Each structure stands twice: as C-alpha cells, then as structure tokens.
Amino acid sequence: MSAEKSPLQIEAYRPQEIEPRWQSHWETSGQYKTCVRDDARPKYYALSMFPYPSGRLHMGHVRNYAITDVIARVKKMQGFNVLHPMGYDSFGLPAENAAIQHGIPPARWTMDNIAYMTTQLKALGLMYDWDRAVYTCRSDYYRWTQWLFLYLYKHGLAYKKEAPVNWCDDCATVLANEQVIDGQCWRHGSPVVKKNLNQWFFKITDYAERLLDNLPQLTGWPEKVTLMQRNWIGRSTGAELRFALESPTADGQTHIAVFTTRPDTAFGVTYMVLAPEHPLVDALTTPENRDAVDAYRAEARNKTEIERTAADREKTGVPLGAFCVNPFNGEKIPVWIADYALADYGSGAVMAVPAHDERDWAFASRFNLPVRQVITRPSAVGAPLQEAYTESGVLIDCDGFSAMDSESAKEAMTRFAQEKGFGEARVQYRLRDWLISRQRYWGAPIPVVYCEACGPRPVAECDLPVTLPEDVDFSIKGRSPLESSPTFLQTICPDCGKPARRETDTMDTFVCSSWYYLRFLDPHNDQRPFDPAVIRHWMPVDQYVGGVEHAILHLLYSRFLMMALRDGGWTSHDEPFAHLLTQGMVLKDGAKMSKSKGNIVDPDDILREYGADTARFFILSDSPPQADFDWKDSAVEGCFKFLMRVWRLVLDHKSHIALAADGAASGIVYESLSGDARRLYQRANQTIDGVTRDLGESFQFNTMISKIRELAAAMGKYVKEGLSSSAAPDPVLSHATRVLLLMLAPITPHLAEELWHRLGAEGSVHTHPWPVADVAALQADQVEVALQINGKVRDRVTITPGLSRDELECLALASDKIQSFLGGKTPGKIIIVPDKLVNLVVSIV
Ligand code: ANZ
Ligand code: ZN
Ligand code: ZN
C-alpha cells in the first residue's frame, strides 16, 4: 500500500488557479503559432466556423470550438503541422441596430464585443494562433472583400439588374433567396415580400453544374448536407418550347417561351400561364381585361413565394384576353396569369397540362378550362380521369407520336421541336444568382461609382479600400444609411475624373465569410488578398466544423468562390472543405437553449464554477459531436468530480509514478507481467488503441471519454490492490498514467499539462507525440469461470475477464449442462465471484 495516502497532504484541484497560468504560459511560449515553412510534417487545417460577435459566447460556440480544438490538438500530437485559426465575422445588422438604439458607433460596439469574446475564447484554453485572427469589419480585411468583388466583376460574374427581390421590413433590406426560409426572413421570421429593385448579383448560376457535379467528390461531408445542396441547386432536364403569339407585340416579341420537364405532354396543353411579373403581361393584356389584371398583379406582389406555390392553396388567376398557338397541333390556347407561375424560374411561363399536372388540374377545375388526356397507363381502359395522371405512360391522341412511351416521346418531340425551330433540349437549375446588395451601413461597401458620363465604373484596385464613413445618419429607413454621408457619397470618376456618386449598397455579409478561410492562410498580406503559393500548400481545409444551419448558404457560396478564384489562377482546388462535421445543438433538459425559454446556461458561469477543462470534458462526453447534446447540471458536476479523482489519483501516488524515466518505449516486457500489473498494462494499451479508433475520421469523443474513464477506474483499482508497498516507481502505473494524461491532453489541456509537469516530465504534454499501443498487450487474457449448482462444479466457460454480473449470470443460465442439472427449477439465489465462478443456489425440495 502506498505511504502517501492521506488526502490532507494533497492540495485540492483548483482549475481557477491552474488554467489562467497555463494559458498565459502557452501564449508567451508561442507554442500554438503555426509554422508555415515547416514542410517536413504534413499539413492539417482545422477550422471552426468563425463567430458573429454578438457580445458573448453561448454553449453552441463552446461545443463547436471544443470539438475543433480537440481535433487540432490530436492532429498536432499525431505529427501534423496544424493550422487552427480564429477570427470574427463582424459585419452585420445588430451593430447597426445598437447604433440606432444606443447611439454607439457600429465599429465600437463590434470591437467591444470582440474584445470580450476573445477573453472568453482564451479562457476556454483553445489552441488558436491569435496572430492570424481576421476581423471582416476592418478595412485591412474588407479591402480584399472589395477586391474580390472587382475580381468577379472583371470576370463577368458580378452584375447589376432590376429584379423582383425579397424584402424584409425588419431588416429594411433585401435578402438573398437562401436567406428566405419558408417565406420568412432567416433572421427575423417576418414575412418576406417581393419588390422590384436594382441590385447587384453574383453569377453563381454559371457554376451550377460544377457545384452539382463536384458533390460526389465530397465524401468527407455528411450526406444530408450534400443532399441539401443538391436539392438547392435543383437540376431539371427538359425542353424549352416556344408558343407563337397571334400577332407580334409592339416591341417585336413573337413567342412565349416555356420550360417543361414533360415535353411528352405537349399535345395536352389547354392554356398558358404567365407569372404576374412576366414582361409580356402588359403587351398581351386586352383593354377589357386590364383592370382585373392590374388588381391581380398588385395582390400577387404581396405574397411570399411559399404562399404562391403551396400545393393546397386554392388556385387563383385571370385571363389576359390574348391567345397563343401550340406548335405541336396548331391549336389556339388562352393566356392567363396566375401566381403559381414564378417569375424567376425557367422562363416565367408554364404550358399548362391539366390532365397530367396537379396544379394545372386544380386550376383548370376552378376555371372550367378543358382537360385533355394524352398519356395513359400502358394497360389502361378508356375511363375519364378522376385526377391528374402525373406518371409516365404511353401517348394517345398525339398524331405521329401516339403509342410512344413517355421517355421516347420526350426525346422525339424535343428533336421535332428543334428541327422545326420552336424549341430545344434544356437543363434548368433552381439555383438563382446570388443577390449581394444590402441597403445597409455595416458591411463592405460595393466598390463602384456612378459617373454621369461613363455610367457605373468599378473603383480602381489601387484605390481600395473604399472605407466606411462615420458621418452617417443611421435612422434613415429603406435606403442605405450611407446615402446620408456627403463625404462618402461624392467622389470622382476613376475614368474621366468628372464628379461621380458612390454606390451606397454594401455587400451581404456572406460575401465576407465566403473567403475568410483563405485569408487565415496569409492574414497580413497587404499586397494581395493572399499568396496563391501559400493557398496551394494549406488548402483545402482538412476538417471544417460548424452548425448545419450553414448547410446551404455559407457552404455553397464558399464553394462557388473557390471555383471562381481557381478559374483565375488564384487557388488550385475547386473545393474548400475536405471534411465537414456539423455539430448537433446544445439542449437544456430536452429543449433548445434560448433567451425566450430562459434556459440558457452561460459559459462564464461554468468557467467560474468548474473551469474550462470540466466544461470541455462535459460538452464532449455525452453524445457524438454530430448529435444533439442535452445539458444537465448534475452531469457537469459529475465531470468535475471525475477530473478531481484524476488529480487525486495522480498526485496521491506521485512517488510511484516516474514519467521522466518512462520514455517513449516504456521498457515494459508484456510477457513478463502477470496479475494486476498485466491487466492494467493491457487496459492502458487497449485504451490507446480504442481511443485512436474512436477519433478516426468521425471523432467519437463520447466513447473516447468513456474509455478514458475506464482506464482511470482501472488505475484506481490497481493502486488499491496491485501496488507494492515500497515507494519505488511502478513501471506499469507510470505507463498507465502517461497514457491517461496524453489521452486527456486534447480534452482537458490544463489539467493534463499541470499533472505532466508536477510529475516532472519534460516539455509540454501538448508537444508530445500521440502514444502507440503495444500490440502484444491488446489481446486480453482469457479466464475460466466455474459454473456451479449448490457449490458443485457442473460446467466451465472461458471468457474475457471483466464481464459484469448480469453477463455472467446469463452465461451460466445459457449453459446446456447447467440447464439439464437444474431440471426446470429456478435458482433462488445466485452467487457471483467475477472472473472466477457463478454459483446457482436451488432448493432441494
Ligand atoms: C408542362 C408539364 C406537364 C409540366 C406535366 C409538369 C408536368 P421542376 O421539376 O421543378 O423543374 N414550370 C416551369 N416553369 C415554371 C415557373 N416559372 N413557375 C412554376 N412552374 C413552372 O418543374 C418543371 C415544371 O414546372 C415544368 O414542366 C412546368 O410544368 C413547371 F404533366 O410543363 B411542366
Ligand atoms: Zn429580417
Ligand atoms: Zn466618368
């Protein structure tokens, strides 16, 4: 037994004292600086989605950053040259609202929040290279966001157009399609209405095909995310068909073009539907229909896309009084407008086939429009349709195409249309161009000026950044507050030198965050956004960690940007993120933590009470990182107690532990070990092996942690039962301690470092290599267990030691011999000596 058992001699585990001490030591020793020129080690780029500086960290942040931090630390121990940066996505609306409500300049509000959150991040012991921090709201960053705009502009990928756009009254700005969720503002949940505005777009649709085609390469992404992207890009194959107008319009339009995925149904078209916003509506509306059409268009404008397209809504619409001609059969069909036709999909017009499309069926029923069946089930009898028949089948009443099956007919009819010049095959994407204009102040100004003589001109690259002015009135609504700044507004044309006016829209903050992972690689470059050679070395991000709420917006924009940059020779990869981990939510007693529910746990409170190590250990312990995690106060307490036990275990037996002498190879010969020492040595090596597997590519920290707990328990048992009474170092305990501290190091970096040093080991535990298991010790020894009835051995089984009582009981009852001796009797009592015997006591009478 150990001589130093008295707990009184050991000081308590005090994370509040240990943690800040190590944090400042790590910072001054520069141990987390990334060595860029270190080419001997393979690179590893670990990245968390950088936060918006709302003011304080929440538990979602803590979880996100703890996950990435453990990954980064493990990779570092495993010999990688790890880059693990942090920064702030620091433009955006709340700063402006603070300016309106409290009169604080957005820059100050933002930088104050950043300062506070940075101290919080540091207190969590995260391994960031803070020298690389980027702040998107600072001109040394947004200068290059503006550069990016000019780059896209030069390559024809940024343009301005008038378009019906999503408008949120609460944001007082337009939103991108991706920011409208179920017809509501992604931030406010308020309804989004359509407005016609002149706006800047990025031409992401040029990359639709590549964004889609690359998805199968992203094997390191969760399938649900690639699926969401696939659906968002939404590729449809079909045809464009053109229906002639009865007479050309005043401006010479002769046709209505439609996109259809079912050219095989063209003989069944009985009317035409234009979107209320379709450019032909005015020209085609007859005087008698004018009032009804105008009223209908006004109404449609105030509806959200989700309202317009909801399947169960009663269909509405009005006829224009005009007609067009079906090019397949020469039939004259009426032209209507209806809000179920969307202005910005296909060509904004639908050839309506009520017999074979549910929406058209509902519309035709409502307005008594004819239904003509042209597709039938192969074995169908000629009964009239009771509802739209939307599947493929065989064509009927389609002239020369009759009796063809749908698939062949699609091809044949498209070919026919092409030969006759009224159509051709077409691929249509649901993806729209990315609307990046925002009528806001706190964003990167779009670097364009408007000259009366030259029109819109891009600002010269050497004149960047276009900096945000301070003389603005934040209270003006519906227009950018930048319009209130005379110093900003007036400028001169870069081309002719005449007076010009600056663009007052700023860029969507998603532009800032679509390239920050590149700037992290070369954050101080003041000549270029980054050096392509550095990008070539570090990209792609090996592991990206963040919330699934970014599955579409941020990830799609970033992928687009990488591709666009690559096409200009700036990067060498299409795809920025090799592996993506979307962490689950942090819940409290089953519900999402939220202010309104009053169930928020403030990270500061946990840090104060238990310290960062407990917070980190706890938040990783309960569920795999991809799953939701339920916060329970009692479980935090349990984690703290576990770390306290580790502290005790190690310091109570300090004299038996010699890490310094232990070296990389422990010098232990497994074959020569027996008894408790042999079992502990096995356990330690199984822990290395199991934990390394748990980490693998899916980072199962929860099972990693339970293995660490098991090892600590085994060590606790060993010091009670297996330790010799002499105070000499015990090689097996030393080895197990070393393994324990190395496994704990990524999760509880302060505790591991403190104990490492107190045991007199050299260097930092965090620069130590990840341990390798002694393969010989992985195979557990087998033991023989006697199965008895009333004390008489009736059978024997060989097992891996350590089975639970329940398992042993089951094993005994499963034995045929035991069952035959029992003869149908149920044992009254079962005595179990683990790893040795099971004795079933049966009454004789
Ligand atoms: C005729 C037809 C017959 C259609 C039929 C479908 C079934 P996806 O798969 O989403 O690409 N459509 C085309 N443009 C539209 C617009 N601007 N607004 C609303 N609907 C539009 O859908 C393609 C189908 O959606 C097209 O094929 C068209 O209706 C309709 F039995 O054409 B179909
Ligand atoms: Zn909003
Ligand atoms: Zn000019």
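Residues numbered from 1 in each chain as written. Chains lettered and ligands numbered in written order. Predicted model: local features only at pLDDT ≥ 70, side-chain atom pairs only at ≥ 80, totals over all residues. Heavy atoms only, no water.

Visitor: Let's hear about the overall build of the protein chain: which residues, and what values?
Guide: Helix and strand counts for the protein chain stand at 26 helices and 32 strands. Dimensions of the protein chain along its principal axes, counting C-alpha atoms only, are 105 × 80 × 50 Å. Within the protein chain, the fraction of its 845 residues that count as buried is 54%. Considering only contacts within the protein chain whose residues lie at least 6 apart along the sequence, 73% involve residues at least 24 apart. Summed over all atoms, the accessible surface of the protein chain reaches about 36000 Å², with 51% contributed by carbon and sulfur. Taking the average place of the 90 positive charges on the side chains of the protein chain and the average place of its 105 negative ones, the gap between the two points comes to 3 Å. (Helix = DSSP H or I, 4+ residues; strand = E, 2+ residues; numbered from the N terminus. Buried < 20%, exposed > 50% of the residue type's maximum accessible area, 1.4 Å probe, protein only. Contact = heavy atoms within 4.5 Å. Areas by Shrake-Rupley, 256 points an atom, 1.4 Å probe, with all protein chains shown as cover. Lys, Arg positive; Asp, Glu negative; His and termini not counted. Charge placed at Lys NZ, Arg CZ, Asp CG, Glu CD.)

Visitor: Describe the coordination of the zinc ion (ligand 2), listing the residues and the values that go with them.
Guide: Distances from the zinc ion (ligand 2) to its protein donors, Cys168 (SG), Cys171 (SG), Cys185 (SG) and His188 (ND1), fall at 2.0 to 2.3 Å. Note that the zinc ion (ligand 2) binds 4 donor atoms; their angles at the metal cover 98 to 121°, and the shape is tetrahedral. In primary-sequence terms, the residues that donate to the zinc ion (ligand 2) follow C-x2-C-x13-C-x2-H. Of this pair, Cys168 sits in strand S3 (residues 158-168) while Cys185 is found in strand S6 (residues 184-185), placing the two residues 17 residues apart along the sequence. Exposure remark for Cys168: the relative accessible area of 0% places this residue in the buried category. (Donors = N, O, S within 2.8 Å, 3.2 Å for Na, K, Ca; no water. Tetrahedral: all angles 85-135°; square planar, octahedral: opposite > 155°, others 65-115°.)

Visitor: How would you sum up the coordination of the zinc ion (ligand 3)? Please name residues and give values.
Guide: Those protein atoms acting as donors to the zinc ion (ligand 3) are Cys451 (SG), Cys454 (SG), Cys493 (SG) and Cys496 (SG), and they sit at 2.1 to 2.3 Å. Metal-centred angles of 101 to 114° between the 4 donor atoms at the zinc ion (ligand 3) mark the site as tetrahedral. Written as a sequence motif, the donor residues of the zinc ion (ligand 3) are C-x2-C-x38-C-x2-C. In this pair, Cys454 sits in the loop between strand S19 (448-451) and strand S20 (455-458) while Cys496 sits in the loop between strand S21 (490-492) and strand S22 (499-502), placing the two residues 42 residues apart along the sequence. You can call Cys454 partly exposed: its relative accessible area is 33%.

Visitor: Talk me through the site of ligand 1; I want residue IDs and the actual numbers.
Guide: Around ligand 1 sit 18 residues in total, of which Ser236, Thr260, Leu342, Tyr345 and His356 are the nearest. One of the backbone nitrogen or oxygen atoms of Thr261 is found 3.1 Å away from an oxygen atom of ligand 1. The separation between an oxygen atom of ligand 1 and a polar side-chain atom of Tyr345 is 2.4 Å. Element by element, the count of residues in the shell around ligand 1 is highest for strand S13 (residues 349-352), at 3 residues. Split by residue class, the shell around ligand 1 holds 9 nonpolar, 6 polar and 3 charged. (Near = heavy atom within 4 Å. Polar contact = N/O pair within 3.5 Å; in protein donor to acceptor, adjacent residues only side chain to side chain. Nonpolar A, V, L, I, M, F, W, Y, C, P; charged D, E, K, R; others polar.)

Visitor: Kindly report on the side chain of Glu575, identifying the contributing residues and their values.
Guide: Positionally, Glu575 belongs in the loop between helix H17 (553-567) and strand S25 (580-583). A distance of 2.9 Å separates the side chain of Glu575 from the side chain of Asn214, its partner in a polar contact. One polar contact links Glu575 to Arg559, side chain to side chain, over a distance of 2.8 Å. Each residue touching Glu575, except ones within four places of it in the same chain, is listed here: Asn214, Gln217, Leu218, Pro540, Arg559, Met562 and Met563.

Visitor: Tell me what's going on with the side chain of Thr173, and back it up with residues and numbers.
Guide: With respect to the element layout, Thr173 can be found in strand S4 (residues 173-175). The buried category is assigned to Thr173, whose relative accessible area is 4%. Apart from the residues within four sequence positions on either side, Thr173 is in contact with Asn166, Trp167, Cys168, Arg438, Gln439 and Arg440.

Visitor: Can you tell me about the confidence of the model for the protein chain, naming the residues and giving the values?
Guide: Here the protein chain averages 91 in pLDDT, and 97% of its residues register 70 or above. Confidence over residues 1-8 falls short of pLDDT 50; this stretch has 15 contacts with residues more than four positions distant or in other chains. (pLDDT = per-residue confidence, 0-100.)

Visitor: Account for the pairing of strand S11 (residues 318-325), naming residues and giving values.
Guide: Examined bridge by bridge, strand S8 (residues 235-245) and S11 share 2 bridges and lie antiparallel to one another. If you follow Leu245 over to S11, its bridge partner there is Cys324. Where S11 and strand S12 (residues 332-337) come together, 5 bridges link them in antiparallel fashion. Among the inter-strand pairings, Val318 is bridged to a residue of S12, identified as Ile337. In this structure, the hairpin formed by S11 and S12 is closed by a connection of 6 residues, where Gly330 is found at a positive phi of approximately 70°. (Pairing = 2+ DSSP bridges.)

Visitor: Residues and numbers for the sheet that holds strand S31 (residues 829-833), please.
Guide: Taken in spatial order, the 4 strands make up an open sheet running S30-S29-S32-S31, and their pairing is mixed. Looking at the sheet topology across the chains shown, the edges are occupied by strand S30 (792-799) and S31. Put simply, the sheet's adjacent strands are angled 15° from each other on average, direction ignored. Two strands pair when backbone bridges link them, and strand S29 (residues 783-789) and S30 are joined in this way by 7 bridges, in the antiparallel orientation. Paired with Glu784 across the two strands is Thr798, which belongs to S30. Strands in contact with helix H25 (residues 805-814) are S29, S30, S31 and strand S32 (837-841); relative to S31, the strand with the most contacts, it is inclined by about 115°. (Axes fitted to C-alpha atoms, helices over the stretch in contact; angles between N-to-C directions.)

Visitor: Can you lay out unusual backbone geometry for me, pointing to particular residues and giving the numbers?
Guide: Most peptide bonds take the trans form, and the phi angle of most residues other than glycine is negative. Cis geometry marks the peptide bond from Leu464 to Pro465; its omega dihedral reads 0°. Position of Pro465 relative to the elements: it lies in the loop between S20 and helix H13 (486-489). For the bond running from Met539 to Pro540, omega is -5°, close enough to zero to count as cis. Checked against the element boundaries, Pro540 lands in the loop between helix H16 (532-538) and strand S24 (543-547). Positive phi values are uncommon outside glycine, yet Phe699 reaches one of about 55°. Position of Phe699 among the secondary structure elements: in the loop between helix H21 (675-695) and helix H22 (701-721). Residues other than glycine seldom take positive phi values, yet Asp835 does so here, at roughly 65°. With respect to the element layout, Asp835 can be found in the loop between S31 and S32. The class for Asp835 is partly exposed, based on a relative accessible area of 22%.

Visitor: Any details on the nonpolar core? Residues and values, ideally.
Guide: Counting residues in hydrophobic clusters, the biggest one holds 194 residues, and the most contacted among them are Tyr45, Phe149, Trp434, Tyr517 and Trp631. Setting aside anything within four residues of it in sequence, one finds Trp631 in contact with Met59, Val586, Leu587, Lys588, Asp589, Met593, Val601, Ile606, Phe618, Ile619 and Val636. Counting residues in hydrophobic clusters, the runner-up holds 50 residues, among them Phe267, Leu274, Ala341 and Val353. (Core = buried A, V, L, I, M, F, W, Y, C linked by side-chain atoms within 4.5 Å.)

Visitor: If you had to explain the sheet that holds strand S2 (residues 81-83) to someone new, which residues and values would you point to?
Guide: With parallel pairing, the 4 strands of this open sheet are ordered in space as S2-S1-S24-S25. At either margin of the open sheet sits one strand with a lone partner, and together these are S2 and S25. Strand-to-strand, the axes of this sheet are offset by a mean angle of 20°, without reference to chain direction. Direction of pairing for S24 relative to S25: parallel, over a ladder of 4 bridges. Its bridge partner being in S25, Gly546 is matched across the sheet by Thr582.

Visitor: Give me the lowdown on helix H2 (residues 59-77), citing residues and values where you can.
Guide: Given a rise of 1.5 Å per residue, 19 residues ought to cover 27 Å, and the 27 Å separating the end C-alpha atoms of H2 matches this to within 8%. The buried fraction of H2 amounts to 17 of the 19 residues, a majority that puts the element mostly inside the structure. Positive backbone phi, at 100°, marks Gly79, one or two positions downstream of H2. (Expected span 1.5 Å × (residues − 1).)

Visitor: Go over the pattern of salt bridges, please, and point to the residues and values.
Guide: When the charged atoms of two side chains lie near each other, side chains of opposite charge can form a pair. Counted by the stated rule, this structure contains 45 salt bridges. The salt bridge involving Lys33 is made with Asp131; its shortest N-O contact spans 3.8 Å. Taken together, the residues span a long stretch of sequence, with Lys33 in the loop between helix H1 (15-29) and strand S1 (43-48) and Asp131 in the loop between helix H4 (106-123) and helix H5 (139-154) at a distance of 98 residues. The class of Lys33 is partly exposed, set by a relative accessible area of 38%. Among the residues examined, Asp131 registers a relative accessible area of 46% and is labelled partly exposed. Salt bridges sharing partners connect three or more residues here, namely Glu11, Glu17, Arg21, Glu754 and Arg758. (Salt bridge = Lys/Arg side-chain N within 4 Å of Asp/Glu carboxyl O.)

Visitor: Give me the packing of helix H7 (residues 223-233) against H17: which residues, what numbers.
Guide: Where H7 contacts H17, the axes come no closer than 10 Å and their chain directions differ by 75°. Relative to H17, the element H7 is oriented roughly perpendicular. Residues Val225, Gln229, Trp232 and Ile233 of H7 form the contact with H17, whose participating residues are Leu555, Leu556 and Arg559. Across the contact of H7 with H17, the residue classes break down as 5 nonpolar, 1 polar and 1 charged. (Parallel < 35°, antiparallel > 145°, perpendicular 65-115°, else oblique.)

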